[in-house]
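# Fold and geometry: a report
Residues per chain, in single letters:
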Amino acid sequence: TLFRSPTKIRALTNVVSGFSLKPCGRSTAGCTSDIFQEFEFSGDDITSVFSPDIHTCQKICTYYPNCLFFTFYTKAWTVESQRNLCFLKTSRTGIPSAPVQKGNALSGFSLLTCKKVTPMCPLPVLTDADVLGKDLGTVYVAGEKACQQLCSDTIRCQFYTYSSAKDRKS
């Protein structure tokens with residue numbers, strides 16, 4: 001799917017869950033739309049896909065689950081079988097660990113945090129539902145809106161579950 005989604009949603013009382021506001025253009029994570037010429041970004045490869053150009057590669061990364069940045073090999077790339085390949089990448093930090101200078105390679109970032117308000121917004125908030133997926137961690141915040149904003153501002157966060165301390169059982 002184009003929208004990043006949880007693995008499962010289950011009923012759980014006294015919690016509120018929801019989604020990051022990145023697709024709504026309401027993240028303060030920043031937007032890096034620059035294309036880095038002659039650089040290959042390092043990171044964990046998610047997959048590679050054929051792309052006619054760098055801009056299509058960037059759009060694919062923007063909508064592909066967990067893609068944070070990419071490297072595109074041009075039609076002049078030395079390895080013929082890799083020409084016009086778009087390598088979708090991710091990392092724990094949200095940025096490439098060490099960009100490497102390489103001719104005929106172009107790299108850039110997902111534009112997810114650059115998007116303006118889209119028809120999918122506002123996104124639903126789910127009461128008494130626990131959104132399951134890969135947990136990034138537990139953080140104490142002052143309310144469910146603060147939790148949603150923290151998720152929106154955290155590069156790898158796609159959805160969250162909030163539980164107030166007074167509702168937790170010992």
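Residues numbered from 1 in each chain as written. Predicted model: local features only at pLDDT ≥ 70, side-chain atom pairs only at ≥ 80, totals over all residues. Heavy atoms only, no water.

Our next topic: the environment of Arg83. Residue position: Arg83 is located in the loop between strand E4 (69-73) and strand E5 (85-90). What makes Arg83 partly exposed here is its relative accessible area of 32%. Taking the C-alpha atoms as reference points, Arg83 and Pro52, separated by 31 residues in sequence, lie 9.7 Å from one another. Not counting the four nearest positions on each side in its chain, Arg83 is found in contact with Phe50, Tyr73, Thr74, Lys75, Ala76, Trp77 and Thr78. (Helix = DSSP H or I, 4+ residues; strand = E, 2+ residues; numbered from the N terminus. Buried < 20%, exposed > 50% of the residue type's maximum accessible area, 1.4 Å probe, protein only. Contact = heavy atoms within 4.5 Å.)

Excluding glycine, residues mostly have negative phi values, and the peptide bonds linking residues are mostly trans. The backbone of Asn66 shows a phi angle near 70 degrees, a positive value even though the residue is not glycine. For Asn66, the position within the fold is in the loop between helix H1 (54-63) and E4. A positive phi angle, near 65 degrees, is found at Asn104, a position not held by glycine. Its location among the elements puts Asn104 in strand E6 (residues 100-109). Taking the relative accessible area as the measure of exposure, Asn104 reaches 29% and is therefore partly exposed.

Tracing the backbone shows Phe159 in strand E8 (residues 159-162). Of the residues examined, Phe159 reaches a relative accessible area of 16% and is grouped as buried. With 27 residues separating them in the primary sequence, Phe159 and Leu132 have C-alpha atoms 8.7 Å apart.

Summed over all chains, the structure comprises 2 salt bridges. As a salt-bridge pair, Glu40 and Lys102 come within 3.1 Å of each other at their nearest N and O atoms. Remark: Lys102 occurs in strand E6 and Glu40 occurs in strand E2 (residues 36-40); sequence separation between them is 62 residues. (Salt bridge = Lys/Arg side-chain N within 4 Å of Asp/Glu carboxyl O.)

With that settled, the discussion passes to the sheet that holds strand E3 (residues 44-50). The sheet built from 5 strands is open, its strands ordered E2-E6-E4-E5-E3 with antiparallel pairing. Of all the strands in the sheet, the pair left with one neighbour each is E2 and E3. Direction aside, neighbouring strands of the sheet carry axes that sit 40 degrees apart on average. For E4 and E6, the ladder comprises 5 bridges, and the chain directions are antiparallel. Residue Phe69 lies in a different strand from E6, and its bridge partner there is Phe109. In this fold H1 packs onto E3, E4, E5 and E6, with an angle of close to 150 degrees to the strand it touches most, E4. (Pairing = 2+ DSSP bridges. Axes fitted to C-alpha atoms, helices over the stretch in contact; angles between N-to-C directions.)

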